[in-house]
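# Structure assessment
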Amino acid sequence: MSAATAPTMPKMPSSETLKQAGRVGSSPTPSQLLPDATLIRWLRDMMLIREFELRTMAAYQQAKIGGFCHIYIGQEATVVGTFAAVNHDDPVVTAYRDHGHALARGMTPEACMAEMYGKLHGCAKGKGGSMHMFDRPNHLYGGHGIVGAQTALGAGLAFAARYDWEVLNKAPGAPVLDGSGHPADRPRTPAGKKVCLCYLGDGALNQGCFHESLNLAGLFGLPVIYVVENNGYSMGTSIERGTTMAHNLVLKAAGYGIEGIEIDGLDLLSLYDKFKPYADRCRENQRPGFVDLKTYRYQGHSMSDPQKYRTKEEVQKYQERDSIDRLAAVLMSPKGEPAVGGHLGRGCLSEEQFKDMQREIKEEVRLAVEFAEQSPSPEAAEELYTDVYANPQPGLSSIRDYHHGVRNSLL
Amino acid sequence: MTTAPSIPTLPIIDSPIHPALTNVSLPSFVDEHELPSREGSRVIQFREALREAMSEEMRRDPRIFLMGEEVAQYNGAYKVSQGMLDEFGPQRIIDSPISENGFAGLGIGAAMYGLRPIIEFMSWSFSLVAADQILNNAPKMLYMSGGQWGCPIVFRGNNGAGGQLGSTHSWCVEALYSNVPGLKIAIPSCPYDAKGLLKTAIRDPDPVFFLESERMLGDKAHVPEEEYYIPFGRAALRREGSDCTIVSFGRPVNFCLEAAAELANEGISVDVLDMRTVRPLDSAAIVRSIQKTGRVVVVDQCWPFASVASEVITQVVEKCFDYLDHQPLRVNTDDVPTPYAKTLEQEYLPHKRKIIEAVRSAVGKA
């Protein structure tokens, strides 16, 4: 199922279930305090990612996109909900299933698609590809291809953000940190407390780097939240076959002095309600966090995955709880009436408005593909030896001198 | 339907330093003969020269911090950072657990954000467990991000046989790591250069691997009071001669100078070139010397197969083949894991006798 079809209304829970869930008659949850427009934007963000990924798959099948390509469909609520809980200038770093992170952080679909097409106007000038989405203006410090390697970078980003706040704020004449995404030529204003979001798949739980990073984060008090996008599989290996304590991953974090939480990643509103206060605490206390965020990918691990390790019924079971459908149902249900997942309807989105949104998104992504088609390929003579050194000097290569090429289109 | 997208033209970067790195001020470099004198009475140890370099730069730039095993409370496993905790405090001089991959990666993330980390490996041998971070992330970040993020970081520590440490603790990493584009490698042979090169490494906006030697940390020499920087990619002529060129870097330069003194007694005079950085490599200086001598011996403390010596000789053949009167020769460590026994380890190194024999052979007096 995709957002291309109008959502079906899931079965309403009984009022008894709602009372047990504490959603009726108690104080409002964080998401209930948000304006309708915000929730509609969340829905749009998720729908954009899904439509984008459908076009990505089509382009991959036409061999317009090369290399490894990992599709985010099914996991959209994860990035939309967690990003909504932090500030735009909080640093974010992730693994290689990163198209959703790029789009949800604000990268244009053009730059994201052009990157996969290996074009000059891609976010990394066509030098990174699907697995390496970097967006400095949007504080996305990369998708990273080696499983778990980004967990140490997340610790470092959090370290630097804390250092900025704790050390540089007190250092006379300290410069603006040039990598933080801010224009460095502006005068320095005191840095505030930040929290870094570092995403990883459940497969990364078994990498040494992850454990070293959690230890460092716990030890040094680094404001980084490790968000495990637990889709149940590291490639074709189910989590039970790959990691110990799969049923209770927060115990892994507890071993490093980090109080972790489990979150249902398919219900955007409850995800936000649980994650928002957690992220606020990590920021305020400048402490690390760990989230076992249970989600599911509808597609294979990568585009070349025949998916023999799971049944169609299992995929279907998750699709019935589709995060886009669920949020759409809440927004479209009559205001104040019990909707789905214990949430009350918002009555703020008509079927017609929903369909208009679908049409807009389709057109937006179509134009992104067209942009990617038309963007020039990087020329080897001009771009092969660029961006290797920030300070190129003679003698660095025995073949050719390095130089600077064209400025990245995002900067 | 909306109209077709317009494709903007992208301007060429015209700044000498890539715009991914701002707030970079490269020192103004002077020619070798304009540097403060190497002669004088301010005699300090190699380790103190390193400490002075870090401390001076840390006083200048609050973005710099030092992290590594035992660098703070223990005052440095080899006392390089002695006293730095007292001066700069625990937020800038930071003890890490034994977790090289983790803290190397932490440094890289911090460098991306805009800090200027110095990450100390107690030994470069231990950097092998951080290989993914230091080879996959640091040198490739600028390229993979299409010029959005650089990685201004210094990794430093002891390199090479420390003295009967056995094979796992005696790694020379310059051959392995210099193969990777995106990083720079500095390898000083004396206290004066150690200070000037490390200060340059810290100011440089690219990732720099700075290779020291446990066996040299106690070496003493005059290091001037005034501030100076030694540029990367410029070799120093340590001794001048006319019969043969010896090219070396790091600790073996000292073996070369011992060998050169003995060869002088036999009437053989040699140029001893100290490369100081292997990437960038000052091949122009090598060519200039060979144009004079017609002969070259490369002395390298890595294993011979695909070593820096191999690279130097390849470039020599490519750039000044016609000037050669004898095939280029190389003196590496022996091609075996580093042995423990004193006798074996002594023989394994590219020591004086091997260098003398190679030069004699090159000049036809074997």
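Residues numbered from 1 in each chain as written. Chains lettered and ligands numbered in written order. Predicted model: local features only at pLDDT ≥ 70, side-chain atom pairs only at ≥ 80, totals over all residues. Heavy atoms only, no water.

## Overview of the interface of chain A and chain B
- Each partner contributes to the interface: chain A provides 80 residues, whereas chain B provides 76 residues.
- Of the roughly 6300 Å² buried at the junction of chain A and chain B (both faces included), carbon and sulfur atoms supply 62%.
- At the junction of chain A and chain B, the tally comes to one salt bridge.
- Of the charged contacts in the structure, one is a salt bridge between Arg116 of chain B and Asp178 of chain A, with a shortest N-O distance of 3.3 Å.
- Within the residue set of the side of chain A that touches chain B, elements represented by two or more residues are β2 (140–143), α6 (149–166), α7 (208–220) and α13 (351–374) of chain A.
- Examining the composition of the side of chain A that touches chain B, we find that twelve residues originate from one element, α6 of chain A, more than from any other. (Contact = heavy atoms within 4.5 Å. Buried area = accessible area lost by both parts, 1.4 Å probe. Salt bridge = Lys/Arg side-chain N within 4 Å of Asp/Glu carboxyl O. Helix = DSSP H or I, 4+ residues; strand = E, 2+ residues; numbered from the N terminus.)

## Side note on the pattern of salt bridges
- Taken as a whole, this structure holds 52 salt bridges over all chains when the rule is applied.
- Within this structure, Arg42, Glu52, Glu56, Glu57, Arg60, Lys195, Lys199, Arg203, Glu225 and Glu227 of chain B form a network of salt bridges that share partners.

## Overview of the domain arrangement of chain B
All names here are of chain B.
- Domain annotation of chain B identifies domain 1 (42–222) and domain 2 (236–361).
- One C-alpha centre belongs to domain 1, the other to domain 2, and the line joining them spans 26 Å.
- On the domain 2 side, the residues contacting the 30 residues of domain 1 number 27 residues.
- Carbon and sulfur atoms make up 56% of the area that domain 1 and domain 2 hide from each other, which totals about 2200 Å².
- For the domain 1 face of the interface with domain 2, the top three residues by lost area are Gln164, Ile187 and Ser189, together amounting to 28%.
- Between domain 1 and domain 2 we count two salt bridges in total.
- The partner of Arg238 in a salt bridge is Asp193, and the shortest N-O contact between them spans 2.2 Å.
- Taken together, the connections running from domain 1 to domain 2 amount to 13 residue pairs in polar contact (both at pLDDT 80 or more).
- Per-element tally for the side of domain 1 that touches domain 2: the top contributor is strand β6 (residues 184–186), with three residues. (Domains from an automatic or database assignment. Polar contact = N/O pair within 3.5 Å; in protein donor to acceptor, adjacent residues only side chain to side chain.)

## Focus on the pairing of strand β2 (residues 64–68) of chain B
Residues and elements named next belong to chain B.
- By the criterion of burial, β2 is predominantly enclosed, with five of the five residues buried.
- A two-sided burial pattern is seen for β2, the buried positions comprising Ile64, Leu66 and Gly68 on one face and Phe65 and Met67 on the other.
- As judged from the five bridges shared by β2 and strand β4 (residues 116–123), these two strands associate in the parallel manner. Counterpart to Gly68 in the pairing with β4 is Glu120.
- Sheet topology note: the β2/strand β3 (residues 93–95) ladder contains three bridges and is parallel. Note that in β3 the partner of Leu66 across the bridge is Ile93. (Buried < 20%, exposed > 50% of the residue type's maximum accessible area, 1.4 Å probe, protein only. Pairing = 2+ DSSP bridges.)

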